[in-house]
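Structure assessment
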Amino acid sequence: MDPYHLKKLNAERRARRAAVLVTDLGDGRDRLVCEGDVVAGELGVAIAEAFRTGASRVVEAEGRSFFLNAHLPQPRLVVIGAVHISQALAPMAQVAGYPLEIIDPRTAFATPERFPDVTLHPEWPEDVLKLHPLDSYTGLAALTHDPKIDDFALKAALEAGCFYVGALGSRKTHAKRVERLMAMGVPAERIDTIFSPIGIDIGAASPAEIAVAVLAQAIRAFRSRGAARQPKGEAA
């Protein structure tokens, strides 16, 4: 591997950006393709698939064989609200391979006793996200029902291009949320990407069932990045 490509790859990984190392199996030459780089033809299609799935494999393109070594950041979930849904969601997300963090300034709720083995930030989202910024490999679920806590985080998630942004609440609640976000300067087309009501529609009623619906929706959003938008859920 070219030392320059290795240095660049390590820099991309430290910055939580995806990259694919493309090696021509005929002559051994390689190049690094970063997410967003334009690659034409059959090879471009295969590289786009590697960015979507994270799978490394040999592909045939333009009459040549290439090995695509995909390096994707581990997806993570940030949950706003130390609520009952979060208590059920945290262990499920960990098992599924999506490390989860919880932000909630209400210290009576954000306690280690209620959330063992979970990264907790008992602070306001404004303060936490300055030190731990969101990115495109982060999904965010706003679950407090409190605009003072949820709205800033939702705005930050939309601006960061998070792969998933969901918010708890009815359609009436969300309509008011849309008005507030627009007043904060968030473009309507970005607001429209919020999944609300949150979760895929499985008829969820209990906090645990809603957590299942939210996690499933987040996984689907991650695995369908770059594809057509999936229907919004109606779980809660």
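Just above, that's the structure.
None of these values were measured; they are calculated from a predicted model.

1. Topic: the pairing of strand β4 (residues 64-71)
- Bridging between strand β1 (residues 19-24) and β4 involves six bridges; their strand directions are antiparallel. The partner of D24 across the bridge, within β4, is F66.
- As paired strands, strand β3 (residues 57-61) and β4 are joined by five bridges and run antiparallel to one another. Bridging across to β4, V58 finds its partner in F67.

2. Considerations on the sheet that holds β1
- Strand order in the open sheet made by the four strands is β2-β1-β4-β3, with antiparallel pairing throughout. Since the sheet does not close on itself, it has two edges, and those belong to β2 (30-34) and β3, each with one partner. Looking at each pair of strands side by side, their axes are set apart by 30° on average, direction ignored.
- Note that β1 and β2 share five bridges and pair antiparallel. The residue bridging L21 from the neighbouring strand is L32, located in β2.
- Contacts from helix α1 (residues 3-14) reach β1, β2 and β4 within the one sheet, and its direction differs from that of β2 by about 20°.
- Running over the sheet, helix α2 (residues 41-53) touches β1, β2, β3 and β4 and is turned about 155° from β3.

3. Brief notes about helix α6 (residues 171-183)
- Under the 1.5 Å per step criterion, the end-to-end length of α6 is 18 Å for 13 residues, consistent within 8% with the ideal 18 Å.
- Against α5 (147-160), β9 (164-167) and α7 (188-191) lie the buried residues of α6.
- Where α6 ends, the next residue or the one after it, G185, has phi of about 90°, a positive value.

4. Let's talk about empty space enclosed by the protein
- Inspection of every chain in the model, using the stated rule, returns one cavity of 30 Å³ or more.
- Approximately 30 Å³ is the volume attributed to the largest cavity.
- Elements supplying a minimum of two residues to the lining of the largest cavity: β5 (76-80), β8 (138-142) and α8 (207-223).
- In terms of residue class, the lining of the largest cavity is made up of nine nonpolar, one polar and no charged.

5. Thoughts on the layout of surface pockets
- The calculated volume of the second largest pocket comes to roughly 160 Å³.
- Q87, A90, P91, Q94, L100, R114, F115, P116, D117, V118 and T119 are the residues that line the second largest pocket.
- Of all the elements, helix α3 (residues 84-96) adds the most residues to the lining of the second largest pocket, at four residues.
- Of the residues belonging to the lining of the second largest pocket, the class tally is six nonpolar, three polar and two charged.

6. Section: the packing of α5 against α6
- At their nearest, the axes of α5 and α6 sit 11 Å apart, and the two run at 60° to each other. If you check the angle between α5 and α6, you find them oblique. Read as a crossing pair, α5 and α6 show a hand that is right-handed. Facing α5, whose interface residues are P147, D151, L154 and K155, α6 presents R177, R180 and L181.
- The residue makeup of the contact of α5 with α6, split by class, is three nonpolar, no polar and four charged.

7. Some details on the pattern of salt bridges
- Tallied over the full model, the rule gives eleven salt bridges.
- Residue E49 is joined to R52 by a salt bridge in which the shortest nitrogen-to-oxygen separation is 3.0 Å. Within this pair, E49 and its partner R52 are both found in helix α2, separated by three residues, close to a single helical turn.
- When the shortest N-O distance is used, the salt bridge between R106 and D104 registers 2.8 Å.
- Salt bridges linked by common partners bring D24, D27, R29 and R64 together as one network.

Here is what the cut-offs are and how they apply
Residues numbered from 1 in each chain as written. Predicted model: local features only at pLDDT ≥ 70, side-chain atom pairs only at ≥ 80, totals over all residues. Heavy atoms only, no water. Pairing = 2+ DSSP bridges. Helix = DSSP H or I, 4+ residues; strand = E, 2+ residues; numbered from the N terminus. Axes fitted to C-alpha atoms, helices over the stretch in contact; angles between N-to-C directions. Contact = heavy atoms within 4.5 Å. Expected span 1.5 Å × (residues − 1). 1 Å grid on protein atoms, 1.4 Å probe; cavity = no way out; pocket = protein on both sides within 12 Å on 5 of 7 lines; lining within 4 Å. Points joined across faces, edges and corners; volume = space filled by probe spheres on them. Nonpolar A, V, L, I, M, F, W, Y, C, P; charged D, E, K, R; others polar. Parallel < 35°, antiparallel > 145°, perpendicular 65-115°, else oblique. Left-handed = near helix turned anticlockwise from the far one by under 90°. Salt bridge = Lys/Arg side-chain N within 4 Å of Asp/Glu carboxyl O.

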